[in-house]
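Reading the structure
Read off the chains here:
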2 protein chains.
Amino acid sequence: MNLDKLQNWLISTNNDVAYISDPISINYFTGYSMDPHERIFALIAFKDKPAFIFAPELNVEEAKNSAWDGDVYGYLDHENPWAKIADLVNQRVGKPNNIAIEKSHLSVDRLEQLRIAFPDSSFTNNVSPFVAEARLRKTPEEVEQLKAAGAEADFAFQIGFNALRNGVTERYVAGQIDYQLKLQKGVMHTSFETIVQAGTNAANPHLGPTMNKIEPNELVLFDLGTMHNGYASDSSRTVAYGEPTAKEKKFMKSTVRRNKQLLKQLNQALLLAN
Amino acid sequence: MNLDKLQNWLISTNNDVAYISDPISINYFTGYSMDPHERIFALIAFKDKPAFIFAPELNVEEAKNSAWDGDVYGYLDHENPWAKIADLVNQRVGKPNNIAIEKSHLSVDRLEQLRIAFPDSSFTNNVSPFVAEARLRKTPEEVEQLKAAGAEADFAFQIGFNALRNGVTERYVAGQIDYQLKLQKGVMHTSFETIVQAGTNAANPHLGPTMNKIEPNELVLFDLGTMHNGYASDSSRTVAYGEPTAKEKKFMKSTVRRNKQLLKQLNQALLLAN
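Thresholds applied
Residues numbered from 1 in each chain as written. Chains lettered and ligands numbered in written order. Predicted model: local features only at pLDDT ≥ 70, side-chain atom pairs only at ≥ 80, totals over all residues. Heavy atoms only, no water. Domains from an automatic or database assignment. Axes fitted to C-alpha atoms, helices over the stretch in contact; angles between N-to-C directions. Helix = DSSP H or I, 4+ residues; strand = E, 2+ residues; numbered from the N terminus. Parallel < 35°, antiparallel > 145°, perpendicular 65-115°, else oblique. Left-handed = near helix turned anticlockwise from the far one by under 90°. Contact = heavy atoms within 4.5 Å. UniProt positions renumbered as here; feature names shortened; annotations may be inferred. Patch = residues over 30% accessible without salt bridge, like charges linked within 9 Å, V, L, I, M, F, W, Y side chains within 5 Å. Areas by Shrake-Rupley, 256 points an atom, 1.4 Å probe, with all protein chains shown as cover. Salt bridge = Lys/Arg side-chain N within 4 Å of Asp/Glu carboxyl O. Buried < 20%, exposed > 50% of the residue type's maximum accessible area, 1.4 Å probe, protein only. Pairing = 2+ DSSP bridges.

**Some words on the domain arrangement of chain A**
By domain assignment, chain A separates into domain 1 (2-136) and domain 2 (140-243). On a C-alpha basis, the centroid separation for the pair domain 1 of chain A and domain 2 of chain A is 36 Å.

**Details of the packing of helix H2 (residues 23-30) of chain A against helix H6 (residues 128-136) of chain A**
All names here are of chain A. In the contact formed by H2 and H6, the axes pass within 12 Å of each other and the chain directions differ by 55°. Comparing the axis directions of H2 and H6 gives the class oblique. For the crossing formed where H2 meets H6, the hand is left-handed. Where H2 approaches H6, its residues Ile24, Ser25, Tyr28 and Phe29 are matched on the opposing element by Phe130, Val131, Ala134 and Arg135.

**Considering the UniProt feature "domain: Creatinase N-terminal" (unreviewed entry) in chain A**
Under the local residue numbering, the UniProt record ascribes the feature "domain: Creatinase N-terminal" (unreviewed entry) to residues 3-135 of chain A. The span residues 3-135 of chain A is 41% helical and 17% strand by assignment, and the distance between its end C-alpha atoms comes to 12 Å.

**A word on a nonpolar patch on the surface**
On the surface, a nonpolar cluster with roughly 300 Å² of combined accessible area is contributed by A:Leu263, A:Leu266 and A:Leu270. Relative to the assigned elements, A:Leu266 resides in helix H9 (residues 246-273).

**Some thoughts on the pairing of strand E7 (residues 218-224) of chain A**
All names here are of chain A. For E7, a buried count of 6 out of 7 residues is recorded, marking the element as mostly surrounded by other parts of the structure. Judged from the 4 bridges that link them, strand E6 (residues 195-198) and E7 form a sheet pairing that is antiparallel. The residue bridging Ala198 from the neighbouring strand is Val220, located in E7. Across 7 bridges, the pairing between E7 and strand E10 (residues 235-241) is antiparallel. When the sheet's bridge partners are listed, Leu219 is paired in E10 with Ala240.

**Re the environment of B:Lys49**
All names here are of chain B. Along the polypeptide, Lys49 turns up in the loop between strand E2 (42-46) and strand E3 (52-56). For Lys49, a relative accessible area of 35% puts it in the partly exposed group. Between the C-alpha atom of Lys49 and that of Arg92, which follows or precedes it by 43 residues, the distance is 7.0 Å. Setting aside its immediate chain neighbours within four residues, Lys49 contacts Gln7, Arg92 and Val93.

**Topic: the sheet that holds strand E7 (residues 218-224) of chain B**
All names here are of chain B. Across the sheet, which stays open at both edges, the 3 strands sit in the order E6-E7-E10 with antiparallel pairing between neighbours. Of all strands in the sheet, those bounded by a partner on one side alone are strand E6 (195-198) and strand E10 (235-241). Averaged over all neighbouring strand pairs, the angle between strand axes comes to 15°, with direction disregarded. Helix H7 (residues 140-163) contacts E7 and E10 of the sheet and is inclined by roughly 20° relative to E10. The strands that helix H8 (residues 170-185) touches are E6 and E7; relative to E6, the one it contacts most, it runs at about 150°.

**Structural notes on the pattern of salt bridges**
If you walk through the whole model with that rule in mind, you get 18 salt bridges over all chains. Two residues, A:Lys103 and B:Glu112, come together in a salt bridge whose shortest N-O distance is 2.7 Å. Of this pair, A:Lys103 sits in the loop between strand E5 (99-101) and helix H5 (108-117) while B:Glu112 is found in helix H5 (residues 108-117), placing the two residues in two different chains. You can call A:Lys103 buried: its relative accessible area is 6%.

**A word on the sheet that holds strand E3 (residues 52-56) of chain A**
All names here are of chain A. Strand order across the open sheet formed by 5 strands is E4-E3-E2-E1-E5, with mixed pairing between neighbours. In this open sheet, the two strands that pair with only one neighbour each are strand E4 (71-75) and E5. For this sheet the average axis-to-axis angle between neighbouring strands, irrespective of direction, equals 20°. Judged from the 3 bridges that link them, strand E1 (residues 17-20) and E5 form a sheet pairing that is parallel. The partner of Val17 across the bridge, within E5, is Ile99. The strands that helix H4 (residues 81-93) touches are E1, strand E2 (42-46), E3 and E4; relative to E3, the one it contacts most, it runs at about 165°.

Printed below as a string of structure tokens:
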């Protein structure tokens, strides 16, 4: 379980509490996914007590019905969430000395609120590097989730390729992809805005789809990915709609050759590293 | 111009520099909108010098071609963005005493990086409340953007109402809305995930659309909004698909009556306040 890793880290670094605020990290440690918008959402983990989720009251039922089987506490908009968190923490472990925070996520004003709620605690320890490192190493179950996200991306490419017609706009093709992902695969979130760009637009990968129309014998860039239970795919394909020019074919061949060389070098480096 | 307000605030509060990091605030002050993901993106404004945008190198061209007509500086992934920012600031104003930050947005680790880059500066001043207050008061041009976002939401409701059929899933209806918004109105972003929930699901407003099928004579909740040039709509409608029960009709009537009363009281309070 991922939460065990966090508890072991707390023990080995002598932190009493971890205040986890990034919803992606909370999902990673608890299996519960939610976007709190401007409200307070945290996983509070301890060296030697059970962790709990703190969430807006309107999400408490959902959190309790999720994969998370620990405690869930809520707050209403008129309540002071920081005082409630301090009460809950104090009930479990008294006054903590060291509270590790996610410095790459927590905002400065929320740290100031935590300092007021825990005037005797130190917040100098950063749990972000540990979370990043933990997430680098995937379990077999996580690899399956990533493969499922990859399969959704493959499906999306097929929808996109099939939607190419003379004169359809980039936005039409991007819209088809998102719609069919939702309808046929139940994909509610892409991992970023689906990119379809044709002709000269294909050379500007972060422009986003425009009302530019797809013409015969153009190259079309696809850049897309899906979220699958919190795991993202992120893939790119450049295809010729119609017949590519000799120059385009030559570039494609040299790119494929160079990619294969790089993959070979990478595999050799990995073999040496192992 | 919104940037003038920020400069006046800097003068009146004796801050030398404002480090604006929230992309929504940057859009508000510059007219340039971008999602930097994990990279550094900032508007640096001064009491008595021209402001500049600092962005990842791959967005510099786009920023220069946007509504923003001031300077834009970029950094490459292998460069230290904080050292570059400090150089640019020092060139303009030497060593600043007070740098105001957006405490509601800036993460703790980025503040630590700024402290290293500006060891002689104070970061105790918070520009977030000023930005929030400034954004409360809309110009006539901003009111027009909000109206356009509202019109897109009206269009979305119509698409959703027309998509209601016996046995279609909530996700199908939500998918239709997003797809037709993109196709017919060029809306690339909703302001949050489009919500369509029918029957008992309609009582759980933050569940999100499921594969639940719409049955005759059910209530259907719609909750949706669009982004229009950075301005959001956020609307909700509960409609009866078929014939509502007598009890449902009674609830609806009393809700409408209560809403009208509240609006009247609000208008009276506003009249008194003015």
